[in-house]
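Breakdown of the fold
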Amino acid sequence: MRDRAGAIVGVGVDAVDVERFRRVLDRRPRFATRCFTETERSDATGSADPVQSLAARFAAKEAVMKALGSGIGTFALTDVEVRRTAGKDAARNAPYVVLHGTAAERAGARGAGRLHVSLTHTDGVAIAFVVAEHAGSTCAPS
């Protein structure tokens, strides 16, 4: 069998309208609890606009689903957790994804051992891009 390290398993991208997402959070206060882990919600509160931060994370969760070849509802949104690296170097605060439960099982079944994520947002839109890579490592930063 040939070495598949570095081979791309899937790609996903998603965009979220920030103001629409803000209205959803205002109308459904428990929505954030159902969609985001405690760590994600806590991290977002440190942002200048927590809604932009959560919208980018929501986009990342959907982009992960697409990169793994599944749609919304295949696994819980909290099974995909977007975290930030610590430290003081240039990679400080870089986003990375940790998979739990059914999402981790789906990644394993697809042969995705590593996810690369990029997030961006403006006042109006939050975008996430995810590349699922076949590798022997777990879905964590290198």
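Residues numbered from 1 in each chain as written. Predicted model: local features only at pLDDT ≥ 70, side-chain atom pairs only at ≥ 80, totals over all residues. Heavy atoms only, no water.

1. A look at the overall build of the chain
Along the backbone of the chain there are 5 helices and 5 strands. For the chain, the α and β elements follow one another from N to C terminus as β-α-α-α-α-β-β-α-β-β. Expressed as a percentage of the 142 residues in the chain, the buried residues total 44%. Restricting to contacts in the chain with at least 6 residues of sequence separation, those with at least 24 account for 60%. Working note: accessible area of the chain is about 7600 Å², and carbon and sulfur atoms make up 51% of it. (Helix = DSSP H or I, 4+ residues; strand = E, 2+ residues; numbered from the N terminus. Buried < 20%, exposed > 50% of the residue type's maximum accessible area, 1.4 Å probe, protein only. Contact = heavy atoms within 4.5 Å. Areas by Shrake-Rupley, 256 points an atom, 1.4 Å probe, with all protein chains shown as cover.)

2. Observations concerning the pattern of salt bridges
For side chains of opposite charge, pairing can occur when their charged atoms come near one another. Inspection of every chain in the model, using the stated rule, returns 6 salt bridges. With its nearest N and O atoms 3.2 Å apart, the salt bridge here joins Arg22 to Glu19. Within this pair, Arg22 and its partner Glu19 are both found in helix 1 (residues 18-27), separated by 3 residues, close to a single helical turn. Accessibility expressed as a relative area gives 36% for Glu19, which makes it partly exposed. If you follow the salt bridges from partner to partner, you end up with Glu19, Arg22 and Asp49 in one network. (Salt bridge = Lys/Arg side-chain N within 4 Å of Asp/Glu carboxyl O.)

3. Side note on helix 4 (residues 50-67)
End to end, helix 4 covers 25 Å across 18 residues, agreeing with the expected 26 Å (1.5 Å per residue, within 8%). With 16 of its 18 residues buried, helix 4 lies for the most part within the structure. Measuring from the backbone nitrogen of Val51 back to the side-chain oxygen at the start of helix 4 gives 3.0 Å, which picks out Asp49 as the cap. (Expected span 1.5 Å × (residues − 1). Polar contact = N/O pair within 3.5 Å; in protein donor to acceptor, adjacent residues only side chain to side chain.)

4. Let's talk about the sheet that holds strand 1 (residues 8-17)
Strand order in the open sheet formed by 3 strands is 1-5-4, and the pairing between neighbours is antiparallel. Each edge of the open sheet carries a strand with a single partner, namely strand 1 and strand 4 (114-121). Here the average twist between neighbouring strands, direction ignored, is 10°. Sheet topology places strand 1 next to strand 5 (residues 125-133); 9 bridges connect them, and they run antiparallel. Across the sheet, residue Val16 finds its bridge partner in strand 5, namely Ala126. Across the sheet, helix 1 lies against strand 1 and strand 5, angled at about 75° from strand 1, the strand it touches most. (Pairing = 2+ DSSP bridges. Axes fitted to C-alpha atoms, helices over the stretch in contact; angles between N-to-C directions.)

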